[in-house]
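# Understanding the architecture of this molecule
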There are 2 protein chains.
Amino acid sequence: MPRYADSIQSLVDLLNRLPGIGPKSAERLAFHIVKLSDDEREQLVRALQNVKAGVKRCSLCGQWSGASPCPICANRNRDHAQLCVVAETQDLAAIERTHEYHGVYHVLGGVLNPLTGVTSEDLNINTLTNRIEKGNPKITEVIFGLNPDVEGETTILYLTKLLRPLQVKLTRLARGLPLGANLEYADEVTLGDALKGRRTL
Amino acid sequence: MPRYADSIQSLVDLLNRLPGIGPKSAERLAFHIVKLSDDEREQLVRALQNVKAGVKRCSLCGQWSGASPCPICANRNRDHAQLCVVAETQDLAAIERTHEYHGVYHVLGGVLNPLTGVTSEDLNINTLTNRIEKGNPKITEVIFGLNPDVEGETTILYLTKLLRPLQVKLTRLARGLPLGANLEYADEVTLGDALKGRRTL
């Protein structure tokens, strides 16, 4: 296979390591970047260089934020007795966009994954139990806002066992049919969950 | 909608402008980049900064290459009488990977697209007619290796009209069923083309 010019190939290789970027997308991106004006490329370079400098993890919830404590943890109008556990800062943002949640968060920084070697020590779990044990105000409910996939379910199972003795209400996001779904094409588990979780009208 | 910390948001916005990167992928990439080690991020930054410096457009075919003329144009073992016209350097690489083509290339640098304002002046068309008119050895065949989509077809139509008076054989890539295709799901145009272009066994 013919390689591209060295400088392009090394950019392709690096882009290819990023999540969700396959070899073809990496090539397309690299050639797009070659064609950018020097100013545009410099802008991208600067954004990359500065991204880490401008953020830190919030000392309370662990989300990436410009301030610590982050605006959510520092907001006295939110319900600090309700704690939503999410994997990443993006998940927190997704829940915030619903405008349905007024409690605070705890960002684990990932989910348990034996295949990629992510264990409980790699996640912000100590700080989670700490917050629940010593919370002021006392935390009354922990909502697991994790993806309903193998890793998410494993993490929920693990945390449920860990937190059960702490006498706090544990809940998880409902599973069911998403908006616009088609019963005919829904998988059995989702449809079964939607049936079990049916609501009275 | 809550914005992320400024430094993350500006990286998300810039990544979102890249081709094939939607708002969600941009967020995911930005947070991945935040989590990279300083070394890894620095590597990416350097690859971005250096990508343009290490390449130029080949003065003959117009592909991005470390040298001009590029290794293909400089290769005396290739058939310089056969010219394959492609849109981008990546398309050239795709054809090279087939090991079926031994001629040379001409990279247009895009295709005609009235919607995004790409006109014939923006493409390497003058150099193409020039090569065909003054080619040494004389170019005997021009193969259009362009995508079979609206823009590609428009460009083929335009170039066919332009090159017809130059008395050179004009061909295009065959249209038909791709490997592993399913007749039942093939669109009518492709199936019709496969029928018209059927081969004697």
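A brief report on the enclosed structure follows. Worth saying up front: this structure is predicted, and the values here are computed from it rather than measured.

Strand pairs in the sheet, formed through backbone hydrogen bonds, run parallel or antiparallel to each other. Residues and elements named next belong to chain B. Strands sit in the order β4-β3-β5-β6 across an open sheet of 4 strands; the sheet is parallel. One side of each edge strand has no neighbouring strand; the edge strands of this open sheet are β4 (103-107) and β6 (169-172). With strand direction ignored, the average angle separating the axes of adjacent strands in the sheet is 25°. Alignment of strand β3 (residues 79-86) against strand β5 (residues 141-144), held across 4 bridges, turns out to be parallel. The partner of Cys-84 across the bridge, within β5, is Ile-143.

Here we come to the interface of chain A and chain B. Accessible area lost upon the coming together of the parts is a frequently used measure of interface size. At the junction of the two partners, chain A supplies 44 residues and chain B supplies 44 residues. At the level of elements, α1 (6-16), α2 (23-35), α3 (38-50), β2 (64-65) and α4 (89-97) of chain A are the ones that each hand at least two residues to the side of chain A that touches chain B. Each residue belonging to the side of chain A that touches chain B can be placed in one class, and the counts come to 23 nonpolar, 13 polar and 8 charged.

So, about the nonpolar core. Across soluble globular proteins, nonpolar side chains have a tendency to be buried as a group. Ranked by size, the top nonpolar core spans 35 residues in total, and within it Ile-8, Leu-11 and Ala-30 of chain A together with Ile-8 and Ala-30 of chain B carry the most contacts. If you list the elements that add at least two residues to this core, you get α1, α2 and α3 of chain A together with α1 (6-16), α2 (23-35) and α3 (38-50) of chain B. It is α2 of chain A that contributes the most residues to this core, 5 residues altogether. With 27 residues, the next largest nonpolar core counts Ala-87, Tyr-105, Ile-125 and Val-142 of chain A among its residues.

Before going further, it helps to examine the packing of α3 of chain A against α1 of chain B. Relative orientation of the contacting elements α3 of chain A and α1 of chain B amounts to 145°, with a least axis distance of 9 Å. Note on packing geometry: the crossing formed by α3 of chain A with α1 of chain B is left-handed. Residues Gln-43, Leu-44, Ala-47, Leu-48 and Asn-50 of chain A of α3 of chain A lie in contact with α1 of chain B, whose contacting residues are Ser-7, Ser-10, Leu-11 and Leu-14 of chain B. When the residues that make up the contact of α3 of chain A with α1 of chain B are grouped by side-chain class, the tally is 5 nonpolar, 4 polar and no charged.

Here α1 of chain A has its buried residues at Ser-7, Ile-8, Leu-11, Val-12 and Leu-15 of chain A. The buried residues of α1 of chain A occupy an angular sector of 135° when projected down its axis, which confines them to one face. Those residues of α1 of chain A that are buried lie in contact with α2 of chain A together with α3 and β2 (64-65) of chain B.

This brings us to the sheet that holds strand β6 (residues 169-172) of chain A. Residue and element names in this part refer to chain A. Across the sheet, 4 strands lie side by side as β4-β3-β5-β6; this open sheet has parallel pairing. This sheet does not close on itself; its edge strands, each paired only once, are β4 (103-107) and β6. Direction aside, the axes of adjacent strands within the sheet are offset by 25° on average. Lying on the sheet, α4 is in contact with β3 (79-86) and β4; it crosses β3 at an angle near 125°.

Rules of the game
- Numbering of residues starts from 1 in each chain and follows the order in which that chain's sequence is written.
- A letter from A marks each chain and a number from 1 marks each ligand, given out in the order of writing.
- Only residues with pLDDT of at least 70 get local features here, since the model is predicted, and only at 80 or more are side-chain atom pairs given and counted; chain-wide, interface and lining totals rely on the full set of residues.
- Should DSSP find at least two bridges between two strands, the strands are regarded as paired.
- Only DSSP runs of H or I reaching four residues or more are called helices, and only runs of E reaching two or more are called strands; each is numbered from the N terminus.
- Angles here are taken between N-to-C directions and fall from 0 to 180 degrees, while the axes themselves are lines fitted to C-alpha atoms, restricted in helices to the stretch in contact.
- Residues are treated as contacting if the C-beta atoms built from their backbones sit within 7 Å of each other.
- For this scheme, ten residues count as nonpolar: Ala, Val, Leu, Ile, Met, Phe, Trp, Tyr, Cys and Pro. Four count as charged, namely Asp, Glu, Lys and Arg, and the remainder, Gly too, count as polar.
- A set of buried residues drawn from Ala, Val, Leu, Ile, Met, Phe, Trp, Tyr and Cys, joined through C-beta atoms within 7 Å, is what defines a nonpolar core.
- Residue burial here comes from a neighbour count, namely the number of other C-beta atoms, placed from the backbone, that lie within 10 Å of the residue's own C-beta, with 20 or more meaning buried, 12 or fewer meaning exposed, and in between meaning partly exposed.
- Put simply, a crossing is left-handed when the front helix is turned counterclockwise from the back one by less than a right angle, and right-handed when it is turned clockwise.
- Comment: arc refers to directions from the helix axis out to C-beta atoms.

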